[in-house]
Amino acid sequence: MATVYTELFQKECENRFGITRDAVRDAIVQPDKEQRLSSQGLTLILYSKKAPGSDDYFVVNTHVQGQDLVVDLAFRLKKELVEEAKTDLPFPLMQALALRFGLPVKVGERETKFIYNEVIPVASKDIKRAMLISNHEDRPLISAIWMRMLQNDLGFLAQCALVFCLDSRAYNEWLGL
């Protein structure tokens, strides 16, 4: 399986946050923890790894596409946030990061900063009408939106594998970059 890096990873994580491909490759090849979510043909894999020579952790967000492992995003988490989360599992660490630096995301009537593996009733099958990111201050964002629209006898549903949106400026400042 080849590892492919998205343009978003290169622009935000590599260029802006200073996370190297070597650090990401190490987290993927020898993770401390790995968690998977497979649903309707989509496989998300998140990895966490303590940064060598540091108390910080890396969390790497990937998905499987054909024969490739696609690296979407990677984040560095300071020790204090990992301790607050009381775990080194990747999905809970992403949740802790989103709760700290996330912007509210509304899907249907559910408004939160982190959605993981949920099906939420919505009023429209149009994803742009079913979801709203509250960004009144026009903050720079970095987001993961793994959601697809479904319909059944009860109406329209948003099947959310992983949805969050971070204020990248606040995150960058927290890192001290």
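Just so you know, these numbers come straight off a predicted model, no measurement behind them. (Residues numbered from 1 in each chain as written. Predicted model: local features only at pLDDT ≥ 70, side-chain atom pairs only at ≥ 80, totals over all residues. Heavy atoms only, no water.)

Colleague: Even after reading the chapter, I still don't get helix α2 (residues 21-29), so can you show me in this structure?
Modeller: A turn of α-helix holds 3.6 residues, and therefore any two residues three or four places apart point the same way. Along α2, the residues that are buried comprise A23, V24, A27 and I28. The arc that holds every buried residue of α2, seen down its axis, measures 135°, which confines them to one face. Along α2, the residues that are exposed and aim more than 90 degrees away from the buried face are D22 and V29. (Buried < 20%, exposed > 50% of the residue type's maximum accessible area, 1.4 Å probe, protein only. Helix = DSSP H or I, 4+ residues; strand = E, 2+ residues; numbered from the N terminus. Arc of directions from axis to C-beta.)

Colleague: I keep staring at the pattern of salt bridges and nothing clicks. Help me out?
Modeller: Following the criterion strictly, the structure yields 14 salt bridges and no others. Between D26 and K49 there is a salt bridge, with the nearest N and O atoms lying 3.8 Å from each other. Of the two residues, D26 is situated in helix α2 and K49 in strand β3 (residues 42-50); the sequence distance between them amounts to 23 residues. A relative accessible area of 14% means that K49 is categorised as buried. Among the ionic pairs, D88 bridges to K33, the shortest N-O distance being 3.9 Å. Of this pair, D88 sits in the loop between α3 (79-85) and α4 (90-101) while K33 sits in strand β2 (residues 33-39), placing them 55 residues apart in sequence. Accessibility expressed as a relative area gives 32% for K33, which makes it partly exposed. Because the salt bridges share partners, they merge into one network encompassing K50, D55, K79 and E83. (Salt bridge = Lys/Arg side-chain N within 4 Å of Asp/Glu carboxyl O.)

Colleague: For this particular structure, what's the right way to read unusual backbone geometry?
Modeller: If a residue is not glycine, its phi is most likely negative; likewise, a peptide bond is most likely trans. For K86, which is not a glycine, the phi torsion comes out positive at approximately 60°. Relative to the helices and strands, K86 resides in the loop between α3 and α4. Even without being a glycine, N117 presents a positive backbone phi close to 55°. With respect to the helices and strands, the residue N117 is situated in strand β8 (residues 114-122).

Colleague: Mind showing me how you'd approach the sheet that holds strand β4 (residues 57-65) here?
Modeller: Picture the strands of a sheet paired through backbone hydrogen bonds; they go either parallel or antiparallel. Ordered in space as β1-β5-β4-β3-β2, the 5 strands form an open sheet in which the pairing is mixed. Lying at the two open borders of the sheet, with one neighbouring strand each, are β1 (2-5) and β2. Recorded for the sheet is a direction-independent mean angle of 25° between the axes of neighbouring strands. Looking at chain direction, β4 and strand β5 (residues 68-77) are connected through 9 bridges and run antiparallel. Across the sheet, the residue bridging to H63 is V70, located in β5. This element, helix α1 (residues 7-16), spans β1 and β5 of the sheet and lies at about 15° to β5. Packed on one face of the sheet, α2 meets β1, β3, β4 and β5 and runs near 75° to β4. (Pairing = 2+ DSSP bridges. Axes fitted to C-alpha atoms, helices over the stretch in contact; angles between N-to-C directions. Contact = heavy atoms within 4.5 Å.)

Colleague: Can you help me understand α1 in this one?
Modeller: If you check which residues of α1 are buried, you get F9, E12 and C13. For α1, the angular spread of the buried residues around the axis is 105°, confining them to a single face. Opposite its buried face, α1 presents the exposed residues E7, K11 and N15, each directed more than 90 degrees away. Buried positions along α1 lie against β1, α2, β5, β10 (141-152) and α6 (168-175).

Colleague: Even after reading the chapter, I still don't get the packing of α4 against α6, so can you show me in this structure?
Modeller: In contact at an axis separation of 9 Å, α4 and α6 are set at 105° when each is read in the N-to-C sense. By the criterion of interaxial angle, the relationship of α4 to α6 is roughly perpendicular. Residues L97, R100 and F101 of α4 pack against A170, Y171 and W174 of α6. For the contact of α4 with α6, the class distribution of residues is 5 nonpolar, no polar and 1 charged. (Parallel < 35°, antiparallel > 145°, perpendicular 65-115°, else oblique. Nonpolar A, V, L, I, M, F, W, Y, C, P; charged D, E, K, R; others polar.)

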